[in-house]
Amino acid sequence: MTRETRRKIIKFSLYFCITLLLYCIQTTPFLLEISGTKPMLAFTFVLCIAVCEGTLVGGIFGFFCGVLCDFSSEMLFGANALLCFLFCVGAALLMIYLVRRNLWTVLLTVLAASVGRALIEYYFKYGMWNYTGAGYILWDRLLPVAVYSVVFVLLFYPLVTWIRRKFDIEI
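What comes next concerns the included structure. (Residues numbered from 1 in each chain as written. Predicted model: local features only at pLDDT ≥ 70, side-chain atom pairs only at ≥ 80, totals over all residues. Heavy atoms only, no water.)

**Side note on helix α1 (residues 3-27)**
The end-to-end C-alpha distance of α1, which contains 25 residues, comes to 36 Å, matching closely the 36 Å that a straight helix rising 1.5 Å per residue would cover. Among all positions in α1, only K11, Y15, I18, T19, L22, Y23 and Q26 are buried. (Helix = DSSP H or I, 4+ residues; strand = E, 2+ residues; numbered from the N terminus. Expected span 1.5 Å × (residues − 1). Buried < 20%, exposed > 50% of the residue type's maximum accessible area, 1.4 Å probe, protein only.)

**Some points on the nonpolar core**
Membership of the largest hydrophobic core comes to 40 residues, with the highest contact counts inside it found for F45 and V106. Counting residues per element, the ones that place at least two in this core are α1, α2 (41-53), α3 (55-71), α4 (79-97), α5 (103-125), α6 (134-150) and α7 (153-167). It is α2 that provides the largest number of residues to this core, a total of 11 residues. The contact partners of F45, leaving out residues within four places of it in the chain, are Y15, I18, T19, L22, F156, L159 and V160. Counting residues in each nonpolar core, the second largest holds 8 residues, with A118, Y126, L138 and L142 among its members. (Core = buried A, V, L, I, M, F, W, Y, C linked by side-chain atoms within 4.5 Å. Contact = heavy atoms within 4.5 Å.)

**Details of the environment of L41**
Positionally, L41 belongs in helix α2. Taking the C-alpha atoms as reference points, L41 and I96, 55 residues apart in sequence, are found 24 Å from one another. In this structure L41 touches L22, I25, Q26, L32, F152 and F156, once residues within four positions along its chain are discounted.

**Let's talk about the packing of aromatic side chains**
As enumerated under the stated definition, the model contains 12 aromatic pairs in all. Taking 6.2 Å as the distance between ring centres and 50° as the angle between the ring planes, the aromatic pair formed by F12 and Y15 counts as tilted. Note that F12 and Y15 are positioned in helix α1 at a spacing of 3 residues, about one turn of the helix. Considering the side-chain rings of Y15 and F45, the 6.3 Å spacing of their centres and the 70° angle between planes classify their relative orientation as edge-to-face. Here Y15 is found in helix α1, whereas its partner F45 is found in helix α2, with 30 residues between them in sequence. (Phe/Tyr/Trp six-rings, centres within 6.5 Å; stacked < 30°, edge-to-face > 60°.)

So, to be careful, I would describe these as geometric facts and stop short of saying anything about function.
Below, the structure is given as structure tokens:
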């Protein structure tokens, strides 16, 4: 096994372990909860991975995170996997072809992906069935989760860029 292969295995194993740890933290009751709102830490982290690593790695980790989130979600199993995969690949493509990657663009991209995911969840769970008071769920539960999750980009994006710099081989 070459040194480059070993470094890639260590880097992706580290990403995998951090994603699992963040999923455990986000599903632990009352941990990081502010007035009933808990962040989606794993989704925010894999979006940062997608932005830094590209479409293939971002898509794989997005799908993995989505499957994890499906275990604790009220949505149809597989819906989170598909949404996380699409948002991670979309974020990676956005950074590759349209915008320069820096902290502000990553913050805006993660905000757009989190709000988009919240709106899709709202529509398919509540909006299309025209429940009374469904707007309250959107404004009181789903959108605060999206905004609260974006705050953690300030921690995750520097972590992912450090891991990438540490384990990538310079030519």
